[in-house]
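Single-letter residue listing:
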Amino acid sequence: MRSVHIPIQAIKGRGIAHLQPHRFASDAREAFDDGWGALDDAAQARDAAPPPATEVRWETCKSAITRNDSPDVGFALGLNPYRGCEHGCVYCYARPTHSYLNLSPGLDFETRLIAKRHLAQVLQRELASPRHVPGLLAIGTVTDAYQPVERELRLTREALAVLAQARHPLAIVTKGSGVERDIDILAPMAAQGLAAVYVTITTLDAKLARVLEPRAAAPHRRLRTLRTLAEAGIPVGVSVSPQIPFINEDMERVLEAAWEAGARRAFYTVLRLPWELSPMFRQWLEQHYPDRAQRVMARVQDMRGGKDYDADFVQRMRGSGVWADLLRQRFDKTCARLGYHTEREPLDTSQFRPQALRAQQELF
C-alpha cells in the first residue's frame, strides 16, 4: 500500500482526507522523496492550509426517479436529491459514483457536492405521467437526503411536498437529524400508511462514530430522532449497517437502544468495498486502527470468498461463510428477543392520485 500524508486539518471533520484517483483517470501521481526535503516542505504547506471547504454545484435535473431491478434490493424506485455526501462516512459504497463525474471518490465526494436543480418539478412531471406505476419510493439510499446542505437547499422537503400531494408511498433512510424538520409532512402521510423512516446507527461509540462518520449526527442524537419520529406517529426502523469486523462490535446494544427509542423494524448489511473504496478503506484502517487493520481485512475477505468485495447479488449485502453466519445469528437472535420485524414497513399504493398533479400542471 502506498503511503499517503494526511494533514491534521484534513482529518478533522472528514472521512477520507486525500484525493483518491478514480478508476477512469489516465494516470496517477505519487509523491516520492528526492533527497532535497521536498516531501517535508510539501507536508508543512498542507498542514498550514485551512481545512477543505464544502462546495456545492448545481446540475439541471433531467430525471428524479431512479429505477433498479436488483433482486437483493427491497425497492424498485429511488430518489436522491444530491450527488456526494458531506457526512463523509468512510465506508460509503456510493463513493465510486463520483468517478463518473471525473471527481475523486475520496475527498471530492465529501467536499464537491452536486445538487439537482428543479428536482421537485421534474418529480411532479414523472409522477403525473400515465406511465408511472406507484410503488415504494426509497429516498436517500445512495447519498443522504438530510446531509448538512439540505438545511439551506431544501430539495428533499420540496420533493416530499410533491409526494404528499400525490399520496405516493415513501421510505427514508438517513443519518441526519434534519428529518425532524419535515415531521409536518411525514406524520400526516404516515397516518395514511404512506411513509416510514429508517435511521442508520452504525455504533453507539461516539469516539468511533467521529472518525467513521465524521459529519453525521452523533449516535445519541440519532436515537433522539428515532424517539421524536415515533412519538409523532411515524413508523421508524433502524439500520445497523454496515457491520465491520472488529470495528463496530456493538450491534446488540444498538438494537436494544433503538428499540427503547421506538424503532420496530431493523435490518443490516455487511461492509461493501467496491472499486476505489477498497484502497481508501485500507488507508483509513492504517491511519486510525493500525493495530487491527490486517485482522479486519482478513475477516472481510473471509466473508467475500477471499476478495475485498464480491458484487454477486446472492451475497453482496450479507456476505458468506462462517463470519457472515455469525453476524446473521447475532442479528436474528437479538431481533427475535426484542420483537423486531425484519421486513420493511408495508405501505399503501392504492391511494396514489396523479390527477392532483396533472390538474396543477394544467394551471401553468
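Residues numbered from 1 in each chain as written. Predicted model: local features only at pLDDT ≥ 70, side-chain atom pairs only at ≥ 80, totals over all residues. Heavy atoms only, no water.

Overview of the overall build of the protein
Okay, step 1: Across its full length, the protein carries 14 helices and 10 strands.
Okay, step 2: Look at the contacts in the protein between residues 6 or more apart in sequence, and 81% of them connect residues 24 or more apart.
Okay, step 3: By element, 52% of the accessible surface of the protein is carried by carbon and sulfur atoms, the whole surface being about 17100 Å². (Helix = DSSP H or I, 4+ residues; strand = E, 2+ residues; numbered from the N terminus. Contact = heavy atoms within 4.5 Å. Areas by Shrake-Rupley, 256 points an atom, 1.4 Å probe, with all protein chains shown as cover.)

Section: the pairing of strand 5 (residues 112–117)
Okay, step 1: Sheet topology places strand 1 (residues 55–60) next to strand 5; 6 bridges connect them, and they run parallel. From the neighbouring strand, Glu 59 faces strand 5, where its bridge partner is Lys 116. (Pairing = 2+ DSSP bridges.)

As for the packing of helix 6 (residues 155–166) against helix 7 (residues 183–191)
Okay, step 1: Following both chains from N to C, one finds helix 6 and helix 7 inclined at 30°, their axes separated by 10 Å at the closest point. As far as their axial angle goes, helix 7 and helix 6 are roughly parallel. Note that helix 6 runs across helix 7; the crossing there is left-handed. Seen from helix 6, the contacting residues are Arg 157, Leu 160, Ala 161, Leu 163 and Ala 164; seen from helix 7, they are Asp 184, Ile 185, Leu 186 and Met 189. (Axes fitted to C-alpha atoms, helices over the stretch in contact; angles between N-to-C directions. Parallel < 35°, antiparallel > 145°, perpendicular 65-115°, else oblique. Left-handed = near helix turned anticlockwise from the far one by under 90°.)

Structural notes on a nonpolar patch on the surface
Okay, step 1: Together, Val 322, Trp 323 and Leu 326 give the surface a local cluster of nonpolar side chains, amounting to about 280 Å² of exposed area.
Okay, step 2: Within the secondary structure layout, Trp 323 lies in helix 13 (residues 322–338). (Patch = residues over 30% accessible without salt bridge, like charges linked within 9 Å, V, L, I, M, F, W, Y side chains within 5 Å. Salt bridge = Lys/Arg side-chain N within 4 Å of Asp/Glu carboxyl O.)

Here we look at helix 7
Because each turn of an α-helix spans 3.6 residues, side chains separated by three or four positions in sequence point in the same direction.
Okay, step 1: Those residues of helix 7 not exposed but buried are Ile 183, Ile 185, Leu 186, Ala 187, Met 189 and Ala 190.
Okay, step 2: Looking at the buried positions of helix 7, the neighbouring elements they touch are helix 6, strand 7 (170–174), strand 8 (195–200) and helix 9 (219–231).
Okay, step 3: One or two residues past the end of helix 7 sits Gly 193, with phi positive at roughly 75°. (Buried < 20%, exposed > 50% of the residue type's maximum accessible area, 1.4 Å probe, protein only.)

Some details on the confidence of the model for the protein
Okay, step 1: Taken over all residues, the pLDDT of the protein has a mean of 91, while the share at 70 or more is 89%.
Okay, step 2: Per-residue pLDDT stays below 50 along residues 1–10; that stretch engages in 26 contacts with residues further than four places along the chain or on separate chains. (pLDDT = per-residue confidence, 0-100.)

Some points on helix 13
Okay, step 1: For helix 13, which comprises 17 residues, the first-to-last C-alpha distance of 24 Å matches the rise-based estimate of 24 Å (1.5 Å per residue) to within 8%.
Okay, step 2: Here helix 13 has its buried residues at Ala 324, Leu 327, Phe 331, Thr 334, Cys 335 and Leu 338. Along the long axis of helix 13, the arc covered by the buried residues comes to 105°, so they all point the same way. Exposed side chains of helix 13 directed beyond 90 degrees from the buried face belong to Val 322, Lys 333, Ala 336 and Arg 337.
Okay, step 3: Summarising the contacts, the buried residues of helix 13 are in contact with helix 10 (251–261) and strand 10 (265–267). (Expected span 1.5 Å × (residues − 1). Arc of directions from axis to C-beta.)

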